Amino acid sequence: MKIIAFAGSNSQHSINKKLAIYASSLFENAEVEVLDLNDYEMPLFSVDKEAVIGQHPLAKAFLEKISTADILVVSLAENNANYSVAFKNVFDWCSRIGAKVFQEKSMLLMATSPGARGGASVLEIATKALPRCGGNIKATFSLPSFNDNFDVEKGKISNEELDEKLKEIVTSL
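These numbers come from a predicted model, not from an experiment. (Residues numbered from 1 in each chain as written. Predicted model: local features only at pLDDT ≥ 70, side-chain atom pairs only at ≥ 80, totals over all residues. Heavy atoms only, no water.)

1. Details of the pairing of strand S2 (residues 31–35)
As paired elements, strand S1 (residues 2–8) and S2 share 5 bridges and run parallel to each other. Residue Ile3 lies in a different strand from S2, and its bridge partner there is Val32. Between the parallel pair S1 and S2, the chain is carried across by helix H1 (residues 15–25), and the sense of this crossover is right-handed. (Pairing = 2+ DSSP bridges. Helix = DSSP H or I, 4+ residues; strand = E, 2+ residues; numbered from the N terminus. Right-handed = clockwise from strand over helix to strand, strands pointing away.)

Shown next as structure tokens:
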């Protein structure tokens, strides 16, 4: 089984990337590849830029990576109750190549934030929107209060109840 994991963030210290890496590690007998949105940095999407550039090669490369996955583990950063610009830009460029960006791949969709809502707003938006774009969302998970519930040094959820919840979700997939 091949897992492609990434955070919907371009932060070098992304807490969502830490969560995606941890969640991916819970899958048994899986090959995991972690993508970094910084490797897919493209100009801000517009139809005018697309007319000049055409289908951006980095968007094609991102879609190729998605095509190799059996499962996508995605943890979205929440910026002002919505997607980060980095995620939305990659998504916009890719959607111009094919509307089903996530290629009907099974998806564990997550979010975390330092706040008590754990990225609930972006998770709600994505849960409604991504299935129209080929996201076959099998489960969602929100980790509230990242700094209180995740041990960065150990790279895992420190709250036993939340950790068990995520492990149950992974097992069900």
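Don't stop here, the text continues.
2. Side note on helix H4 (residues 85–95)
In terms of burial, H4 is largely enclosed, as 8 of its 11 residues are buried. Every buried residue belonging to H4 is among Ala86, Phe87, Asn89, Val90, Phe91, Asp92, Trp93 and Cys94, and all of these are buried. (Buried < 20%, exposed > 50% of the residue type's maximum accessible area, 1.4 Å probe, protein only.)

3. Examining the environment of Asn10
Relative to the helices and strands, Asn10 resides in the loop between S1 and H1. A C-alpha to C-alpha distance of 13 Å links Asn10 and Val34, two positions 24 residues apart in sequence. Setting aside chain neighbours within four positions, we find Asn10 in contact with Asn38 and Ala86. (Contact = heavy atoms within 4.5 Å.)

From the geometry alone we can't say anything about function, so treat these as descriptive.
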